[in-house]
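A look at the structure
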Amino acid sequence: MNNLKIMAINSGSSSLKFKLYEMPAEKVCVSGIIERIGSPEAQFSINNKTKTLAIKNHEEAIRCLLTELLKQNFIDELNEIVGVGHRVAHGGEFFDRSTIVNKKEFARIEQLGELAPLHNPVNAMGIKVFSEVLPQSIQVAVFDTAFHQTIPSYNYLYPLPYSLYQKYKIRKYGFHGTSHQYVAKRAAEFLKLDFQEANFITCHLGNGASICCIKDGKSFDTSMGFTPTDGVMMGTRSGGIDPMIFPFLEKNLLLDVNKIEHIINKESGLLGISGISNDFRDVQNSARNGNELSKIAIKMFVRKISEYILSYTSELKRIDGIVFTAGIGEHSAYVRQQICEQLTCLNVKLNKQKNNDNDKLISSKNSKVKVLVIPTDEELVIAKDTYKLVHNLVNV
């Protein structure tokens, strides 16, 4: 058995993104996404073909996916899938690498749901359902936080009583680790650098967004913190704000903690300022049509990202590159241009045509710092880590 079928899963609250790989060849057999889970009009897209179905929950979505894989002959039988790798948002201090999930690990992932309430519960749900539907397969968790476990204590601690860290592990954890690590490695390969000696500032910009300072191939600092809400302004998340706003809201608007949490996670960011949408494309179109709040939202978004990039330059003796990735980072030439215009003190200069074409290297020849656009592939990272862990456990 030379080739193994490995499934990479990214579970969202109402979505299930999937890729089936043949490993170690890294061949994608099939990919797609199930969206609007829980709706009578859920969208099931597989290899760019979409149909509308009524899908009640994640278990039904997974069963529907596996039925479709059999029906379209992507697999002959379910036990061909020997491993399922799951993106898990929060690994706390328990997990500094990907791991096979047994009862103990699953309990830890559920426990950490308190630190990532929008993510870990649905990640755990995906693991649970696949364990039940594919009992012969090995479940693997790939943690967003693992890459950031190299951040030094003076960067991950908050200026709070140290006892709060000791007792409750309140500290910066960071997220999007698989993406930051992947694009930095690809950038090092492209620039013919030794990754273990490379310094990058990576910008994962999507509905969720984070910036990472990578020093000698390791995460040295990152914008997201104790939860994925901290850092830069995002689609619906506020990013870092004055913490005294929360007790102010509680006292003056008589809001409980759940309502405040909902505001900062679901009603803020680009959506909160623009009043239009959490989708940057909608906000940008609105700004072009003269909406002042949309213009302000974009300026705030760009400014925060630029601030983090500039702050991280003080941590690095040299910068081998600034890397843009994820939905906005990969596709919005406008955002990249606006951010880089804020970096004139670094002598960052873009090649306008290459930037507009979303080329891999978009900086001009006379730019002091190279600027790159590297498409992220978190699913490939998940599949590779899963393969490493399962191939010795099966009959190969």
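Here the structure is a predicted model, which means the values were calculated and not measured.

Rules used in this analysis
- Residues numbered from 1 in each chain as written.
- Predicted model: local features only at pLDDT ≥ 70, side-chain atom pairs only at ≥ 80, totals over all residues.
- Heavy atoms only, no water.
- Phe/Tyr/Trp six-rings, centres within 6.5 Å; stacked < 30°, edge-to-face > 60°.
- Helix = DSSP H or I, 4+ residues; strand = E, 2+ residues; numbered from the N terminus.
- Lys NZ or Arg CZ within 6 Å of the ring centre and 35° of its normal.
- Polar contact = N/O pair within 3.5 Å; in protein donor to acceptor, adjacent residues only side chain to side chain.
- Salt bridge = Lys/Arg side-chain N within 4 Å of Asp/Glu carboxyl O.
- Buried < 20%, exposed > 50% of the residue type's maximum accessible area, 1.4 Å probe, protein only.

Applying the stated criterion across every chain, the model contains nine aromatic pairs. Judged by centre distance (4.4 Å) and plane angle (10 degrees), the rings of F95 and F143 are stacked. Note that F95 is positioned in the loop between β6 (81-88) and β7 (99-100) and F143 in strand β8 (residues 138-143), a separation of 48 residues in sequence. On the basis of an interplanar angle of 50 degrees and a centroid distance of 5.5 Å, the ring pair of Y162 and Y165 is categorised as tilted. Of this pair, Y162 and Y165 both sit in helix α5 (residues 162-168), separated by three residues, roughly a single helical turn. Ring pairing ties together the aromatic residues F94, F95 and F143, which thus form one cluster. A cation over an aromatic ring shows up here: K169 above the ring of Y165, its NZ or CZ 4.7 Å from the ring centre. In this structure, R171 packs its charged tip against the face of Y156, placed 3.7 Å from the ring centre.

With that settled, consider the side chain of T386. Looking at the element boundaries, T386 is found in helix α15 (residues 378-390). A distance of 2.7 Å separates a polar atom in the side chain of T386 from the backbone oxygen of I382.

Quick look at the pattern of salt bridges now. Enumeration according to the criterion identifies 19 salt bridges in this entry. One salt bridge connects E93 with K169, and the closest N-O pair in it is separated by 3.5 Å. Pair noted here: E93 is in the loop between β6 and β7 and K169 is in the loop between α5 and α6 (177-190), with a separation of 76 residues, a long-range link. The exposure class of E93 is partly exposed, given its relative accessible area of 29%. We classify K169 as partly exposed; its relative accessible area is 33%. One salt bridge connects E292 with K295, and the closest N-O pair in it is separated by 3.3 Å. With E292 and K295 both in helix α11 (residues 292-313) and three residues apart, the pair spans about one turn of that helix. Since its relative accessible area comes to 33%, K295 is described here as partly exposed. Bridged by salt links that share partners, the residues E93, K169 and R171 form one connected network.

It is worth stressing that arrangement in space is one thing and function is another; only the former is reported here.
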